[in-house]
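Here is what each chain is made of, one letter per residue.
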Amino acid sequence: MFKGNSKLKNIFLLGFLLSLHLALVSYVNSSFLTTFSGENSVSLIYIIGSAAALFVLFYIPGILQKLGEYKFLLWSSGLNALTLLLLSILKSPLGIIPVFILYFTLNYLMVFALDELLQIFSKNSSMGQVRGLYLTIINLAWVISQAVSGETLSGFSYSALYFVAFMITGIFFLVVFLGLKDISDPKYDKVVALQSYKNFFKNKNLIRAYFLNFLLQFFYASMVIYTPIYLYSHLGFDWKQIGIIFTIMLLPFVIIQFPLGKYSDKVGERKMLAIGFLITSIATISLFFIKNNELWIWATLLFSTRVGAAIIEVMSDIYFFKHITSENDEFIAVYRNTAPLSYLLAPLVALVIFMVTPSFNYIFLILGILMLCGTYLSLSIKKDDI
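Small disclaimer: the values here were computed from a predicted structure and weren't measured.

A. How the structure looks around the nonpolar core. The biggest cluster of nonpolar side chains holds 130 residues, and the ones touching the most others in it are Phe172, Trp298 and Phe320. If you tally residues by element for this core, the top one is helix α7 (residues 204-234), at 18 residues. Beyond its immediate sequence surroundings of up to four residues, Phe320 is in contact with Phe200, Leu206, Ala209, Phe331, Ile332 and Tyr335.

Laid out in structure tokens, this is it:
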């Protein structure tokens, strides 16, 4: 995999660093924002940030063609580091909210750029094996970060956590500057933004991959925003306990994704996707019925939700990347817009849920039912589609 392909090692390192900083603050962002605004206001902030990210991702292929991967990653990571530094020192909502929205948008640009680089430099390797190992490495960063963030917040403030994330992003910038100077960009398809969307949605396999990934990202968005609030504000867990719960919760991403990536190269993704959605659905619905704050119960059930999500994540990515070439960077932008789209729609759906249901935990019941749709969609994949 890495033989004669040194750039792939740098991309894996960058993926680890990016995920390390993202995971450090992702599960506390919503609680951080609630310190100066209500729960409904947090939803609105995520909606605005997601709309901004969708707008930028719409035009990102053209920007990438002009700047190239190297300059693009330098600019986006440099600005990202600056926003994290500002989040660590600002105290006013008037300053924090626009900076957070910019930070939120930049994260998607960096994820997109690394996706494109991985597609370019893994073309001579087994797609399932490369994607499986890459996902395992970046999810290892998520596991490590949850242990660190919970421990940090038990003794320090949110500002300390954002400052640590700033330092990690600074290292990311240096790795890009020193390790990717001489990369060559492929000959990108010169397609305008609107046309790239039209071309994408003409392909039935890409459409299916898009909606599979959208369901997963909608699940992530809902859980990332509202699970920490529910555990902390409604059930009374402290941040050290939440850190333990989330560390256990994320272990499936480290344990099973690389073996599944290798397995998919032999058998395909159809059955595994259906199983993943079914597991996630049942486990998420189960959360609705748990009213006490027993750490081991929440850790076990959240672990189960991520067993299913880990399966879905690696299989949906492999399914998508098998159907594009390295020149189709505009298709990656379309595919990855499911994440900001989910962060736009999930808070809107949550606002409706909170208005029409008697308690906060109904969000788990409705989310679990929604994930059943993925099982049906997965089974619609035919053998000749893989």
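Read on for the rest.
B. How the structure looks around the side chain of Thr227. Mapping Thr227 onto the fold places it in helix α7. Since its relative accessible area comes to 2%, Thr227 is described here as buried. Beyond its immediate stretch of four places on either side in the chain, Thr227 contacts Ser222, Phe246, Leu302 and Phe364.

C. Fine view of helix α14 (residues 338-356). In this model, α14 (19 residues) spans 26 Å end to end at C-alpha, consistent with the 27 Å of a helix rising 1.5 Å per residue. Of all the residues in α14, the buried ones are Thr338, Ala339, Pro340, Ser342, Tyr343, Leu344, Ala346, Pro347, Ala350 and Ile353.

D. Representation of empty space enclosed by the protein in the model. Taken as a whole and judged by the stated rule, the model has two cavities of 30 Å³ or more. In this structure, the largest cavity occupies an estimated 820 Å³ of space. Taken together, 37 residues line the largest cavity, and the ones lying closest to its centre are Leu22, Val111, Trp142, Gln217 and Tyr220. Those elements giving two or more residues to the lining of the largest cavity turn out to be α1 (6-34), α2 (39-89), α3 (93-121), α4 (127-155), α7, α12 (295-321), α13 (329-336) and α14. As a volume, the second largest cavity reaches approximately 40 Å³. The wall of the second largest cavity is formed by Tyr27, Val28, Gln146, Ser149, Gly150, Trp239, Ile242, Gly243 and Phe246. Elements that contribute at least two residues to the lining of the second largest cavity include exactly α1, α4 and α8 (239-249). In terms of residue count, α8 provides more of the lining of the second largest cavity than any other element does, four residues in total.

Parameters and conventions
- Residues numbered from 1 in each chain as written.
- Predicted model: local features only at pLDDT ≥ 70, side-chain atom pairs only at ≥ 80, totals over all residues.
- Heavy atoms only, no water.
- Core = buried A, V, L, I, M, F, W, Y, C linked by side-chain atoms within 4.5 Å.
- Buried < 20%, exposed > 50% of the residue type's maximum accessible area, 1.4 Å probe, protein only.
- Helix = DSSP H or I, 4+ residues; strand = E, 2+ residues; numbered from the N terminus.
- Contact = heavy atoms within 4.5 Å.
- Expected span 1.5 Å × (residues − 1).
- 1 Å grid on protein atoms, 1.4 Å probe; cavity = no way out; pocket = protein on both sides within 12 Å on 5 of 7 lines; lining within 4 Å.
- Points joined across faces, edges and corners; volume = space filled by probe spheres on them.

Purely spatial values, then, with no claim about function.
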